[in-house]
Amino acid sequence: MNTPTPPPTAAWLDAVPTLAPGVEFYPFDRGTVLVEQPRYGHQVRISPVAHGLLELVDGRRTVAELTDELRQRHGASLPPAEVYRLLFGRLAAYGIVESDQPVAARRGDAYLRLRVPLFSERWVAHLSRPLRFLFHPRWFYALYAAMLVFLTALLLYRHSLTAFYQSITLQSTGLFYGVFLCSALLHELGHATACRRFGAKPGSIGFGFYLFTPVLYADVSSAWKLPPAQRVIIDLAGIYMELLFCTALGLTFLLTQNYLFLNVSLVVMATTYINLNPLLRFDGYWATSDLLRVPNLRATSNRHLLAALKWAVGRGPQPVRSVLDGFLVGYALASWAFIALFLVGVLVYSPRSVVYFP
């Protein structure tokens, strides 16, 4: 984003910045703070120095006074011109500091395209209200693990691929698609419900495209202001709802011995295992990112891997100084290996799918 050229020296030294109404700050990760502009929906990560500067903005201090105060309180030796550009350029562009320049429009997730809302924020609030009790942190993980073990054991010991293929008819295919759609809606509703359970306000649930794949989404960007431990539950809440749904199907199968319920559960569980994969940008990825408190996990791990490769050929310093650094290098290696194996597998076993997939 372009930063405006500072006006003459006397003018920008005497400029008095004012925070926009409703701006709030939240601890985010190691070394950054999240600042939220509720009117325009912007959430911006800033450094501790920028946070300290904004805490000094009271609508009375000038840029020159803020520069001196920042140096005295936080030991930050920013020149006045940089303080001016930060306040009236970068932060004003998001509506965090009031100014005459237009505020940038909120941008959606770059990886999700052609988004179409299906359920408005109001409807999501109504639908999620009776389900909030399901996301109590004390027993969320225990129930999560118990359902995962139960369903995995049920599918391993009672499922038959022969019975599955024999059950596929025109009628059952329609049923599978209907149940799969219900499961997908429950998945997104789970994210929204967990978000509301911890006091954040979810947005709409809708439809979009991830790469070439049609997907449902839930707007839970407000969850970024919550602590990482709560964000992890929100990340896993969609799979949690699918597990509840599959558990109900599995118990019904045990009571009726009707393999249709088990087969439907298999279809839903297949997507669940994919979603848990931390190497894909699905729920397992976001949960891993929040557990590690590393935003932009893929990009950050790739930077660590590049630094490690430069060190290996003698062109850079040792990049691995902690367990986390080592994990990030290993994660990047695993991600690229997974992508390579997947592409090789597609080209070897199903080359025609490259043409027909879109």
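Residues numbered from 1 in each chain as written. Predicted model: local features only at pLDDT ≥ 70, side-chain atom pairs only at ≥ 80, totals over all residues. Heavy atoms only, no water.

## Notes on the overall build of the protein
Put simply, the test is: Only DSSP runs of H or I reaching four residues or more are called helices, and only runs of E reaching two or more are called strands; each is numbered from the N terminus. Type-normalised accessible area, obtained with a 1.4 Å probe on protein chains alone, sets the label of each residue: buried when under 20%, exposed when over 50%, and partly exposed for intermediate values. Calculation of accessible area relied on Shrake-Rupley with a 1.4 Å probe; when residues are assessed, cover is drawn exclusively from the protein chains displayed.
Across its full length, the protein carries 14 helices and six strands. In the protein, which comprises 358 residues, the share counted as buried stands at 41%. For the protein, the exposed area adds up to about 19,900 Å²; of that, 64% sits on carbon and sulfur atoms.

## Observations concerning helix α5 (residues 121–128)
Our working rule: To be clear, the arc concerns the directions from the helix axis to the C-beta atoms.
Looking at α5, one finds that the buried residues are V124, A125 and S128. Around the axis of α5, the buried residues are gathered within 100° of arc, so they sit on the same side. In α5, the exposed positions that point more than 90 degrees away from the buried face belong to R122 and W123.

## Remarks on unusual backbone geometry
Leaving glycine out, the prevailing phi sign among residues is negative, and the prevailing peptide bond configuration is trans. In this structure, Q257 is a non-glycine residue whose phi angle is positive, near 60°. By secondary structure assignment, the location of Q257 is in the loop between α9 (228–256) and α10 (259–276). Q257 gets classed as partly exposed once you look at its relative accessible area, which sits at 38%. Although it is not a glycine, R293 adopts a positive phi angle of roughly 60°. The residue R293 is located in the loop between α11 (283–292) and α12 (297–312) in this model.

## Topic: the sheet that holds strand β2 (residues 32–37)
This is how the line gets drawn: Think of it this way: DSSP has to see at least two bridges between two strands before they count as a pair. Note on geometry: axes are C-alpha line fits, over the in-contact stretch for helices, and angles between N-to-C directions span 0 to 180 degrees. In what follows, residue pairs with any heavy atoms lying within 4.5 Å of each other are defined as contacts.
Spatial strand order, β1-β2-β3: three strands in an open sheet with antiparallel pairing. Among the strands making up the open sheet, the edge pair consists of β1 (24–29) and β3 (42–46). Pairs of neighbouring strands in the sheet enclose a mean axial angle of 30°, with direction left out of account. Of the strand pairs in this sheet, β1 and β2 are connected by five bridges, and their pairing is antiparallel. The residue of β2 that forms the bridge with F25 is V35. Lying over the sheet, helix α2 (residues 48–56) contacts β1, β2 and β3, oriented at roughly 115° with respect to β3.

## Thoughts on the nonpolar core
We count it as follows: Each nonpolar core is a collection of buried residues, namely Ala, Val, Leu, Ile, Met, Phe, Trp, Tyr and Cys, held together in the definition by side-chain atoms within 4.5 Å.
One finds F135, F140, Y144, I234, Y240 and L243 to be the most contacted residues of the largest nonpolar core, which totals 40 residues. Looking at this core, the elements that each hand over two or more residues are α6 (137–158), α8 (170–197), α9 and α10. Residue contributions to this core peak at twelve residues, all from α9. Once residues lying within four places of it in the same chain are set aside, the contact partners of Y144 are L236, I239, Y240, L243 and L276. Among the nonpolar cores identified, the runner-up in size contains 27 residues, and A15, L66, A76 and L87 belong to it.

## Some details on α9
The line we're drawing: Multiplying 1.5 Å by the residue count of a helix minus one yields the expected span of that helix. What the bend at a residue measures is the angle between two axes, fitted to the seven residues ending there and to the seven starting there.
With 29 residues, α9 ought to run about 42 Å at 1.5 Å a step, and its terminal C-alpha atoms sit 42 Å apart, in line with that. At A237, α9 shows its maximal bend, which comes to roughly 45°. The positive-phi residue at the C-terminal boundary of α9 is Q257, with phi of around 60°.

## Topic: the packing of aromatic side chains
What counts here: Working definition: rings of Phe, Tyr and Trp (its six-membered ring) pair if their centres are within 6.5 Å, and the pair is stacked with planes under 30 degrees apart, edge-to-face with planes over 60 apart, and tilted otherwise.
The tally for this structure, following the rule as stated, stands at ten aromatic pairs. Seen in terms of ring centroids, F140 and Y141 are 5.1 Å apart; in terms of plane orientation they differ by 85°. Their pairing is edge-to-face. Since its relative accessible area comes to 0%, F140 is described here as buried. Chaining the aromatic ring pairs together yields one cluster made of F135, F140, Y141, Y144 and Y240.

## Some thoughts on the environment of R196
Of note, R196 is situated in helix α8. Sequence separation between R196 and A125 is 71 residues, and the spatial gap between their C-alpha atoms is 8.0 Å. Beyond its immediate chain neighbours, meaning those up to four positions away, R196 contacts A125, S128, R132, K201 and P202.

## As for the pattern of salt bridges
As a reminder of what qualifies: Just to be clear on terms, a salt bridge is a Lys or Arg side-chain nitrogen sitting within 4 Å of an Asp or Glu carboxyl oxygen.
Here the structure, examined in full by the defined rule, presents nine salt bridges. Notably, a salt bridge pairs K225 with E36, separated by 3.6 Å at the nearest N-O pair. Linking K225 in the loop between β6 (213–218) and α9 with E36 in strand β2, this pair joins segments that are 189 residues apart in sequence. Judged by its relative accessible area of 12%, E36 is buried. In this structure, E69 engages R73 in a salt bridge whose closest nitrogen and oxygen atoms are separated by 2.7 Å.

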